[in-house]
There are 4 protein chains.
Amino acid sequence: MSEDHSAAPQTEGRGGGPTVFRGTALDRIVFFSDAVVAIAITLVVLPLVDGARDLEGRTAAQFVSDNGWQLAAAALTFVVVAVFWRTHHALFAHATGATSRAVSLNLLWLACIAFFPVPTVLLVDADGDDRVAHALYIGTMLVAVVTLVLESIELERHGLVPPDDGPPVARWTASIAFALAFVLSFAFPSWNAWPL
Amino acid sequence: MSEDHSAAPQTEGRGGGPTVFRGTALDRIVFFSDAVVAIAITLVVLPLVDGARDLEGRTAAQFVSDNGWQLAAAALTFVVVAVFWRTHHALFAHATGATSRAVSLNLLWLACIAFFPVPTVLLVDADGDDRVAHALYIGTMLVAVVTLVLESIELERHGLVPPDDGPPVARWTASIAFALAFVLSFAFPSWNAWPL
Amino acid sequence: MSEDHSAAPQTEGRGGGPTVFRGTALDRIVFFSDAVVAIAITLVVLPLVDGARDLEGRTAAQFVSDNGWQLAAAALTFVVVAVFWRTHHALFAHATGATSRAVSLNLLWLACIAFFPVPTVLLVDADGDDRVAHALYIGTMLVAVVTLVLESIELERHGLVPPDDGPPVARWTASIAFALAFVLSFAFPSWNAWPL
Amino acid sequence: MSEDHSAAPQTEGRGGGPTVFRGTALDRIVFFSDAVVAIAITLVVLPLVDGARDLEGRTAAQFVSDNGWQLAAAALTFVVVAVFWRTHHALFAHATGATSRAVSLNLLWLACIAFFPVPTVLLVDADGDDRVAHALYIGTMLVAVVTLVLESIELERHGLVPPDDGPPVARWTASIAFALAFVLSFAFPSWNAWPL
C-alpha cells in the first residue's frame, strides 16, 4: 500500500519549501478522511433506527409516512456527502504528496462534513421560510466547497497534482454559484433550497 | 476535474475508455466501503447498550427476555451485513481497478447497507402480517444484491476482474429469488420472511 | 463466485487446498476488523457524553460520583477490547494469508467484540449475585477467546503463520480458565467476577 | 504468543531487544488509531443532530442560540482532537517501526481521545467555578500529552524515529504547562480555562 520507504521515508522539506507528506503519511491523511466521512454518512441513519424501535403499535407504513422528511434528510445528507467524497477521491487519486497547509484545509473540510447533518435536519424541520436554516445549510456547503478548492490549489501550487486542463476560473464556478445561493437565501427565504 | 491526465499515477483512461482507478485510489474505494460497513454492523448494538443502562431493578435474564426480538434483529443485521461484506470482499480480492460507474454502484450499495438496520427493526417490531415492513426489508436486500451484481458486471466488462466460470445467468439467480420474495411478501403478508 | 481463478492476484487455491486471501485482500480483513474494534471501543463513551449534557445543576463531581459504575464499565470495556485487539494484532503481524474459514471465525470474533458492551453494562447495573449477567459476560469473552484461538490454529494449519514454539495445549489454557469461570459463575453467583 | 519468531515478516526482535512491529503491522497501529480518532471527532455532533430533530416549532436561529455552548463544545473538541491527530501524524510520518511498549502508550492515548468529549461537555455545562470540571478537562489533556511524549521518546530510544533537533527538555514544555494549569485550576477555580 505504501509506495516508498526510504531512510527519512515519508516527509521531505524540498529546499526551503514546506514539509511534504508522501507514501504512508499521505495514505494516512486520505484514510483518516475516509473514516470521518464514513462515520458522518452512516450516523445519519441512527436516529431513524431509534425511531423504528419505538413503533408503539404503528404500522411500518405509518412509520415511513411519519418520518418522511427525516428519511429525505438522511437520503439528502448521504447524497451530498457521497458527492463530496467522490470529489475528494478524484483529487487524491492524482496526488503524490500533501503539504501541512493542505492537511489544515483537509481538517476544516472534515469539520464541515461532520457538521453537515445538523444544518440538514434544521432545514427539514424548520419552516420553509426560515432564512437562518437556509443560510446554515448553504453556508456549510459553501465552506466545504471553498475548502476543497483551496486544497486543490495548494496541492497544484506545489506540483503535487497535475495542473487542471481547463481555465483556472472554472474551478471557482461551483463556489460562486453557492455564494449566490447563500445571498439569495437571505433575500428570498421562501425560495426553495431543495434543488441544491 | 480531469481524471484522465497521463501523469496521474493512480488513474488511467484506456484509449477512449472510461477513467479507471487503480493502486491506492482503488484501495481507498475498498477501505471506505469497509469503514461504512463496519459502522453499520456495529451501530446496531448501541440501542441495546442504552437499554442495558436502564435496568431499573430488572435482572439480566429479564432484560434478555424483554429485548429478545431486538437481540435477534441485531444478530440478523450482523449476519446479513457480514454476508454482504464477504461477497464484496471476494469481488474486490480479484479486482485490478474500478471505473467511475463502479464507484457509483458501490455508493448505492453502501447506502443500502447503512439503511439496512431501519427495515430490520421495523420487521421485528411491526405485526407479523405488516406487508410494508416485509417489502422494505426484502426491497432493501434486493437493491443491495442487484447493485453488487451490476458492479460485478461493470468490473468484468472492463476486464478489471477475471470472467466468471459459470453461465452468466447464474449470477442473477439470487436477484430473481429476492424479486420473487418481494412480490410474494405483498401477496401473502402473513408468509414468514425469517428464512431469508 | 469462483475465488480460485488463477488470474486473480490476491487469492490462490494451492493445489486442491482452500482459497487463500493475500496482499490487499488480507489487509482488508485486518483493516475491516480494526474499524469494527475501533467503533466498539469508542461507542462506549457516547452514553456518558449524553449524560454529561444533562447535568441539571449538578456539579462535575456529582456527575462522576453518580456515574462511577458507568465510567468503570466504559474503562473495563476499553481495556478488555484493547487486550483482544493486541492479541489479534500480534496474530496477524505474522500472517501471510487467510483462508475463508479464518474469515468466518474472524467475523464471529468481531460479533463478540461489537456485542461486548451489552454484557459489560449488564454486569455493572445488575445485582452482584445476578448469575445470568455473570454468565453473559464470561460467555461472551469465552466465545471471543475460543474464536481467536481457532482462527490462530486455522492459519497455522495452512502454514500462514509460523508455528508456536510452546506446546499446543498452552494456547487452550486461557479458554479452559474462562470455561471454568463460566461454570463457577453459575454455581456461585455471589462470586466476584471483577478480577477477570 | 512468541512475537519474535524469525520467520515473521512484519516483526523483529533485534538482538536481545524488544519486538518491533514494521510494515503492515506498523500501518495497522496507525490506521487503528485513525479509526478511533475519526469516531471520537465525529460522534460529538450526534447529540446536536438529535437536538435538531426536536425543534418543536423553534426557528433555526433559536436552536443555534439555545445550543450555543454545545456547538462551542463540539467545535472545541474537534479542534483539540485535530491538533492531537496532527501531532500523532507527524510522529508516525517519521516512524519506521513500533515497539510493544509504544503500542501500550498508544492505546492509553486513544483512551484519552475517546474519553475527551465527556470532560469537554462537563466543562461547558458545569458552573464556571467547578474545579472538578476544570481538573478533569485539563487532566485528560495532560495525560494525552504526556502519553504522546512518552511514545515519542520510546520510538526515539529504539531508533525508530529520527532524533529531535531541539533540546530534549523542549518536548516537556507543553506537559509542564499543562501540569501548571492543572494545579492552578484547583487553586483558582474561577480562573477561565478557555484559553487552553
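So, a few notes on the structure that sits alongside this text. (Residues numbered from 1 in each chain as written. Chains lettered and ligands numbered in written order. Predicted model: local features only at pLDDT ≥ 70, side-chain atom pairs only at ≥ 80, totals over all residues. Heavy atoms only, no water.)

Topic: the nonpolar core
For the record, the criterion: Nonpolar core, defined: a set of buried Ala, Val, Leu, Ile, Met, Phe, Trp, Tyr and Cys residues in which side-chain atoms within 4.5 Å join the residues together. Each residue is placed in one exposure class: buried if its accessible area under a 1.4 Å probe, protein chains only, is under 20% of its type's maximum, exposed if it is over 50%, and partly exposed if it falls in between. Whether two residues are in contact is decided by their heavy atoms: any pair within 4.5 Å suffices.
F84 and L155 of chain A, F84 and L155 of chain B, L155 of chain C together with L155 of chain D are the most contacted members of the largest nonpolar core, which has 249 residues in total. When near neighbours in sequence (up to four residues on either side) are disregarded, L155 of chain B contacts L91, F92, A95, G97, A98, T99, A102, L160 and V161 of chain B.

Side note on empty space enclosed by the protein
It is a probe the size of a water molecule, rolled over the atoms, that shows where empty space is left. Rule in force here: For cavity detection a 1 Å grid was placed over the protein atoms alone, and a set of points counts as a cavity when a 1.4 Å probe fits there but cannot get out; an open set counts as a pocket when protein lies on both sides within 12 Å along at least five of seven lines, with lining residues being those that have an atom within 4 Å of a point. Grid points are joined across faces, edges and corners, and a volume is the space filled by probe spheres set on the points. Secondary structure follows DSSP: runs of H or I at least 4 residues long count as helices, runs of E at least 2 residues long count as strands, and numbering of each begins at the N terminus. Each residue gets one of three labels, nonpolar for Ala, Val, Leu, Ile, Met, Phe, Trp, Tyr, Cys and Pro, charged for Asp, Glu, Lys and Arg, and polar for the others, Gly among them.
In the structure shown here, the tally under the stated rule is 11 cavities of 30 Å³ or more. The volume enclosed by the largest cavity comes to roughly 290 Å³. The wall of the largest cavity is formed by 18 residues, among which F31 and A35 of chain A, A35 of chain B, A35 of chain C together with A35 of chain D lie closest to the centre. Among the elements of the structure, helix 1 (23-43) of chain A, helix 1 (23-43) of chain B, helix 1 (23-43) of chain C together with helix 1 (23-43) of chain D are those that each provide at least two residues to the lining of the largest cavity. For the lining of the largest cavity, the residue count by class is 14 nonpolar, no polar and 4 charged.

Brief notes about the relation of the copies chain A and chain B
A rotation about an axis combined with a shift along that same axis relates the two copies of the chain. The condition is simple: Superposing the copies works by least squares over the C-alpha atoms of residues that have pLDDT at least 70 in both of them.
Of the two same-sequence chains, chain A is brought onto chain B (RMSD 0.0 Å, axial shift 0.0 Å) by a rotation of 90°. The transformation relating the two chain copies, once decomposed into turn and shift, fits a four-fold axis. Different-surface contact between copies: only 16% of interface residues of chain A are shared with the interface of chain B.

A few points about the packing of aromatic side chains
Quick note on the threshold: Classification of ring pairs uses Phe, Tyr and Trp, with its six-membered ring standing for Trp, and accepts pairs whose centres are within 6.5 Å; under 30 degrees between planes counts as stacked, over 60 as edge-to-face, and the remaining range as tilted.
Within this structure, the stated rule accounts for 16 aromatic pairs over all chains. Aromatic pair W85 of chain B and F32 of chain C: ring centres 4.3 Å apart, planes at 15°, arrangement stacked. Linking W85 of chain B in helix 4 (residues 68-94) with F32 of chain C in helix 1, this pair reaches from one chain into another. Here W85 of chain B matches F32 of chain C in class, with each residue buried. Feature note: the residues F31 of chain A, F31 of chain B, F31 of chain C together with F31 of chain D constitute an aromatic cluster, connected by ring pairs.

Some words on the interface of chain A and chain B
Worth spelling out the cut-off: Buried surface area refers to the total accessible area, computed with a probe of radius 1.4 Å, that the two partners give up upon joining, counted for both partners together. One side-chain nitrogen of Lys or Arg within 4 Å of one carboxyl oxygen of Asp or Glu is enough to make a salt bridge.
Contacts between the two partners involve 44 residues from chain A and, on the opposite side, 43 residues from chain B. Here chain A and chain B share an interface that buries about 3800 Å² over both sides, 72% of which is from carbon and sulfur atoms. Looking at the side of chain A facing chain B, the largest losses of area belong to R53, R86 and H89 of chain A, adding up to 18% of the total buried there. Linking chain A to chain B there are 1 salt bridge. In this structure, the salt-bridge partner of D34 of chain A is R28 of chain B, at a minimum N-O distance of 2.7 Å.

Notes on the packing of helix 1 of chain C against helix 5 (residues 100-115) of chain C
Residue and element names in this part refer to chain C. Spelled out, the test is: Between N-to-C directions, angles span 0 to 180 degrees; the directions come from axes that are lines fitted to C-alpha atoms, helices contributing only their stretch in contact. Orientation labels follow simple angle bins: below 35 degrees gives roughly parallel, above 145 gives roughly antiparallel, 65 to 115 gives roughly perpendicular, and whatever is left gives oblique.
The geometry of helix 1 relative to helix 5 is characterised by a closest axis approach of 9 Å and an angle of 10° between their N-to-C directions. As the angle between them shows, helix 1 and helix 5 are arranged roughly parallel. For the pair helix 1 and helix 5, contact is made by I29, F32, S33, V36, V37 and A40 and by V103, N106, L107, W109, L110, I113 and A114, respectively. Across the contact of helix 1 with helix 5, the residue classes break down as 11 nonpolar, 2 polar and no charged.

What about the packing of helix 1 of chain A against helix 4 (residues 68-94) of chain D?
The condition that has to hold: Helix crossings get a hand from a simple test, with the near helix turned counterclockwise from the far one by less than a right angle marking a left-handed crossing and a clockwise turn marking a right-handed one.
Viewed as axis vectors pointing N to C, helix 1 of chain A and helix 4 of chain D meet at an angle of 150°, and their least axial separation amounts to 10 Å. By the angle between their axes, helix 1 of chain A is roughly antiparallel relative to helix 4 of chain D. When the axes of helix 1 of chain A and helix 4 of chain D are compared, the crossing they make is right-handed. On the side of helix 1 of chain A, the interface is formed by A25, R28, I29 and F32 of chain A, while helix 4 of chain D contributes W85, H88, H89, F92 and A93 of chain D. Here the residues of the contact of helix 1 of chain A with helix 4 of chain D sort into 6 nonpolar, 2 polar and 1 charged.

Topic: the environment of T140 of chain D
The topology assignment puts T140 of chain D in helix 7 (residues 131-157). The sequence separation of T140 of chain D and R157 of chain D amounts to 17 residues, and the corresponding C-alpha distance is 26 Å.

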